[in-house]
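Here is how the chains run, residue by residue.
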Amino acid sequence: MEKMLRIKNFPVSFFAIILGMSGLSIVSQKLQILLGSELQWFFFGITIVLFAVLLTAFIVKLFTQMEYLISEFYHPIKINFFPTISISFLLFSVFLLPHSKELSFYTWLFGTVLHFIFTIKILSVWIYHEHLELKHINPAWFIPIVGNIIVPIAGTTHAPMEVSWFFFAIGIVFWVVLLTIFMYRIIFHNPLPQKLLPTFFIMIAPPAIGFISYIKLGNTLDSFANVMYYFALFLAIFLLYQMPRFFKIKFFLSWWAYTFPLAAISLASVQMYHITDKAMFFAIASGFFVLLVLMVSFLSVKTIKSVLKKELCVEEE
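Chemist: Tell me what's going on with the overall build of the chain, and back it up with residues and numbers.
Modeler: Secondary structure summary: the chain contains 14 helices and zero strands in total. Reading the secondary structure of the chain in the N-to-C direction produces α-α-α-α-α-α-α-α-α-α-α-α-α-α. The C-alpha atoms of the chain give a radius of gyration of 19 Å, which matches the 20 Å a tight globule of 317 residues would have. Along the longest, intermediate and shortest principal axes, the C-alpha atoms of the chain span 55 × 45 × 40 Å. Looking at the chain as a whole, 54% of its 317 residues qualify as buried.

Structure representation (structure tokens):
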């Protein structure tokens, strides 16, 4: 009975851990000249094992708690974490691309189709809702959008360029729309609940990933690319300045929202280094990578302690 109750309360936001670990694997891959190639496989191996465990729990919940899962899908906040599953596959495809183009392709294809379905469905819920209010919007709403921007990173290799431009356009345009709405909400309305404060870091991901995808699409560092990179860098600096405030709050799974955006800005900085050959960008990338490793290590300990204390997968207050 207790196991079934814990499965019922298994949060889909658990998959945010996979995004952070995948990002860590990809960054270590890009910095392998400095770090050695073995480290990337160590991180990726842990990521795959964790993903298999979480996906198994999610599937069990799907078949045993279908009604409860559907209600979560229409929850104004929880709905935005469902695409973390499809984004996980897209990130796997990016990591696998230098090693196995075929395996990367099938992973990318599944992730792209699944994410497109999530995008259509979630946008439909947003538009035809009867329960959403301005107070519900938070940076987690960017998650379904960020996935579309990730598609071109491996998609430019696996499919015609039109496919990558299609998903890039969806992500960038809706990012601007949601960013405008969120800035209005956060400035003129009540602050975010403490539980959601770490999701502020998600704001880094769209411009950082957008920069990487845009370079993949156009292979040139133009004005728009510079705007995206430096805006992402500013957001990273600004939010790191807020970290003492964030660490004062109680630990929630939402703390894992720190990790993938840090990986994204690190990857964007690696890309800038490759394009400009300026050591400054390699130093920035390495700095964010070290911070990412420390953050993942810290959050792993906190999460394991919470699991052992059975503080996760419980009924929300």
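After that view, the rundown keeps rolling.
Chemist: Could you give an account of helix α14 (residues 279-308), naming the residues involved and the relevant values?
Modeler: In a regular helix each residue adds 1.5 Å, so 30 residues correspond to 44 Å; α14 covers 43 Å between its end C-alpha atoms and thus fits that length. Looking only at α14, the buried set comprises F281, A285, S286, F288, F289, L292, M295, V296, L299, T303 and S306.

Chemist: Any details on the pattern of salt bridges? Residues and values, ideally.
Modeler: Pairing is possible between side chains of opposite charge, provided their charged atoms come close. Overall, the coordinates contain three salt bridges when judged by the stated rule. Here K61 and E72 are joined by a salt bridge, their closest N and O atoms 2.7 Å apart. Pair noted here: K61 is in helix α4 (residues 38-64) and E72 is in helix α5 (residues 66-73), with a separation of eleven residues, a long-range link. A salt bridge links E133 to K135; the shortest N-O distance between them is 3.9 Å. Residue K135 is classed as exposed on the basis of its relative accessible area of 54%. Several salt bridges converge on common partners, so that one network encompasses K61, E72 and K78.

Chemist: Lay out the nonpolar core with the relevant residues and their values.
Modeler: Of all hydrophobic cores here, the largest spans 110 residues; its most connected members are F15, I150 and F211. Aside from chain neighbours lying at most four places away, what touches F15 is F10, F51, L54, L55, F58, T84, I85 and S88.

Chemist: Please give an account of the side chain of S104 that cites residues and values.
Modeler: As for its position among the elements, S104 is in helix α7 (residues 101-127). We classify S104 as buried; its relative accessible area is 0%. Within polar-contact distance, the side chain of S104 engages the backbone oxygen of S93 at 2.6 Å. Discounting residues that sit within four places of it in the chain, S104 has contacts with S93, L96, L97 and H158.

Chemist: Give me the lowdown on the packing of helix α2 (residues 16-30) against α4, citing residues and values where you can.
Modeler: Viewed as axis vectors pointing N to C, α2 and α4 meet at an angle of 160°, and their least axial separation amounts to 8 Å. Regarding the angle of α2 to α4, the classification is roughly antiparallel. Once α2 is placed against α4, the crossing between them reads as left-handed. Of the residues in α4, those in contact with I17, I18, M21, S22, L24, S25, S28 and Q29 of α2 are L39, Q40, F43, F44, I46, T47, L50, F51 and L54. Classifying every residue of the contact of α2 with α4 by side-chain character gives eleven nonpolar, six polar and no charged.

About the thresholds
- Along each chain, residues carry numbers from 1 onward, in the same order as the chain's sequence is written.
- Given that this is a predicted model, residues contribute local features only at a pLDDT of at least 70 and side-chain atom pairs are listed and counted only at 80 or more, while totals for whole chains, interfaces and linings are drawn from all residues.
- Heavy atoms throughout the structure, all of them, feed into the side-chain values; hydrogens and water do not.
- Under the scheme used here, helices are H or I runs from DSSP no shorter than 4 residues and strands are E runs no shorter than 2 residues, and both carry numbers assigned from the N terminus.
- Values of the radius of gyration come from C-alpha atoms, whereas the globule rule sets the reference at 2.2 Å times the count of residues to the power 0.38.
- Note on exposure labels: buried denotes an accessible area under 20% of the residue type's maximum, exposed denotes more than 50%, and partly exposed covers the range between, all computed with a 1.4 Å probe on protein chains only.
- To estimate how far a helix should extend, the number of its residues minus one is multiplied by 1.5 Å.
- One speaks of a salt bridge when a side-chain nitrogen belonging to Lys or Arg is within 4 Å of a carboxyl oxygen belonging to Asp or Glu.
- We call a set of buried residues a nonpolar core when its members are Ala, Val, Leu, Ile, Met, Phe, Trp, Tyr or Cys and they connect through side-chain atoms within 4.5 Å of each other.
- Note on contacts: a residue pair qualifies if any of its non-hydrogen atoms lie within 4.5 Å across the two residues.
- Within 3.5 Å is the distance limit for a polar contact, defined as a pair of N or O atoms, with the added protein rule that one can donate a hydrogen and the other accept it, and that residues adjacent in sequence qualify only through two side-chain atoms.
- Note on definitions: angles span 0 to 180 degrees between N-to-C directions of axes, and those axes are lines fitted to C-alpha atoms, for helices only across the stretch in contact.
- Here is the rule for angles: anything less than 35 degrees is roughly parallel, anything more than 145 is roughly antiparallel, 65 through 115 is roughly perpendicular, and the remaining ranges are oblique.
- By definition, any crossing whose near helix is turned counterclockwise from its far helix by less than a right angle is left-handed, and any crossing with a clockwise turn is right-handed.
- Asp, Glu, Lys and Arg are counted as charged, while Ala, Val, Leu, Ile, Met, Phe, Trp, Tyr, Cys and Pro are counted as nonpolar; the rest, among them Gly, fall into the polar class.

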